[in-house]
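Commentary on secondary and tertiary structure
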Amino acid sequence: EADIYQTPRYLVIGTGKKITLECSQTMGHDKMYWYQQDPGMELHLIHYSYGVNSTEKGDLSSESTVSRIRTEHFPLTLESARPSHTSQYLCASSENHYGYTFGSGTRLTVV
Amino acid sequence: GQQVMQIPQYQHVQEGEDFTTYCNSSTTLSNIQWYKQRPGGHPVFLIQLVKSGEVKKQKRLTFQFGEAKKNSSLHITATQTTDVGTYFCAVFASGGSYIPTFGRGTSLIVHP
């Protein structure tokens, strides 16, 4: 019954590769977010968007970019993957900031 | 910047025992949200607290917002194995910030 979808679920990729993590939501939410979470740790904001053609950087935005061409779609691109990018990436959306709905996440391993 | 501390980091309990996690902020908050993340899963929104001294209940879970709006607690009565997971608070600083700061979470382990 997930209303926010992330693909791929798992990804192993070599250093230096360019990758795009996909996130789509069917709830019509204007606000979308990307978080990075290492095991047992808190969530760190990477990027966020308050609507189409609106994107902002969070605390950990270096070496990644996002786009928001359609309300439902908010992909995250790593231009050149590094082992330090190994982590879980969570996409979320919200309506009026009342509670975030998270996707199932992408577990990325860079070798 | 906004600092938030959650304690304890881990809590082991026997099934049936109570559990409490605390979320403390260095600054006054406008509101606070609580999330639960099962092992291997993603955070799921539980509740939002807005008013000073507010108390909300969801079955065996009781959420409280401090009078000074700088701290909050989540209490689970008579834990069950289904309560296993990490409980995160997400705080919103007063003054109109719409980007929350997440705590490190408290991992609850329930022994049957």
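In case you missed it, the structure is sitting above this.
Overview of the structure. Owing to the predicted nature of the structure, the values given are computational and were not obtained by experimental measurement. (Residues numbered from 1 in each chain as written. Chains lettered and ligands numbered in written order. Predicted model: local features only at pLDDT ≥ 70, side-chain atom pairs only at ≥ 80, totals over all residues. Heavy atoms only, no water.)

**A look at the overall build of chain B**
The secondary structure content of chain B amounts to zero helices and eleven strands. Secondary structure elements in chain B, listed N-terminal to C-terminal, are β-β-β-β-β-β-β-β-β-β-β. Whereas a compact globule of 112 residues would reach a radius of gyration of roughly 13 Å, chain B reaches 13 Å, a difference of no more than 12%. In terms of overall dimensions, chain B has C-alpha extents of about 45 × 25 × 20 Å along its principal axes. (Helix = DSSP H or I, 4+ residues; strand = E, 2+ residues; numbered from the N terminus. Rg over C-alpha atoms; globule rule 2.2 N^0.38 Å.)

**Details of the pairing of strand S3 (residues 19-25) of chain A**
All names here are of chain A. In S3, alternate side chains face the same way, and those of Ile19, Leu21, Cys23 and Gln25 are buried while those of Thr20, Glu22 and Ser24 on the opposite face are not. By the bridge criterion, four bridges tie strand S1 (residues 4-7) to S3 in an arrangement that is antiparallel. In the sheet register, Thr7 faces S3, and the bridge partner there is Glu22. (Buried < 20%, exposed > 50% of the residue type's maximum accessible area, 1.4 Å probe, protein only. Pairing = 2+ DSSP bridges.)

**Considerations on the state of the cysteines**
Residue and element names in this part refer to chain A. Evaluation of the coordinates by the stated rule reveals two disulfides over all chains. Note that Cys23 is cross-linked by a disulfide to Cys91, the S-S spacing being 1.9 Å. With the S-S bond torsion at -75°, the cross-link from Cys23 to Cys91 turns out left-handed. Here Cys23, found in strand S3, pairs with Cys91, found in strand S9 (residues 87-94); they are 68 residues apart in sequence, far enough to count as distant. (Disulfide = S-S within 2.5 Å.)

**Quick look at the environment of Ser24 of chain A**
All names here are of chain A. Along the polypeptide, Ser24 turns up in strand S3. Measuring from C-alpha to C-alpha, the distance between Ser24 and Arg68 comes to 11 Å, with 44 residues separating the pair along the chain. Excluding residues within four positions of it along the chain, Ser24 makes contact with Asp3, Ile4, Tyr5, Glu72 and His73. (Contact = heavy atoms within 4.5 Å.)

**Notes on the sheet that holds strand S7 (residues 61-65) of chain B**
Residue and element names in this part refer to chain B. Spatially, the five strands line up as an open sheet ordered S1-S3-S8-S7-S6, and their pairing is antiparallel. Every interior strand has two partners, whereas the edge strands, strand S1 (4-7) and strand S6 (55-58), have only one. Strand-to-strand twist in this sheet, taken as the mean axis angle between neighbours without regard to direction, amounts to 15°. Of the strand pairs in this sheet, S6 and S7 are connected by four bridges, and their pairing is antiparallel. If you follow Lys56 over to S7, its bridge partner there is Phe63. (Axes fitted to C-alpha atoms, helices over the stretch in contact; angles between N-to-C directions.)

**Notes on the interface of chain B and chain A**
Many descriptions give the size of an interface as the accessible area lost when the pieces come together. Taken together, the contact pairs 17 residues of chain B with 21 residues of chain A. Roughly 1,600 Å² of surface becomes buried between chain B and chain A when both sides are summed, with 58% attributable to carbon and sulfur atoms. When the buried surface of chain B facing chain A is broken down by residue, Ile99, Phe102 and Arg104 of chain B rank first, second and third, together holding 32% of it. The closest approach of N and O atoms between Glu42 of chain A and Arg104 of chain B, which form a salt bridge, is 3.8 Å. (Buried area = accessible area lost by both parts, 1.4 Å probe. Salt bridge = Lys/Arg side-chain N within 4 Å of Asp/Glu carboxyl O.)

**Focus: the side chain of Lys31 of chain A**
All names here are of chain A. With respect to the element layout, Lys31 can be found in strand S4 (residues 31-37). Despite being buried, Lys31 has no salt bridge partner; Asp30 is the closest side chain of opposite charge, sitting 5.2 Å away. Beyond its immediate chain neighbours, meaning those up to four positions away, Lys31 contacts Ser49, Tyr50, Arg68, Ala92, Ser93, Ser94, Asn96 and His97. (Lys, Arg positive; Asp, Glu negative; His and termini not counted.)

Geometry only, nothing functional implied.
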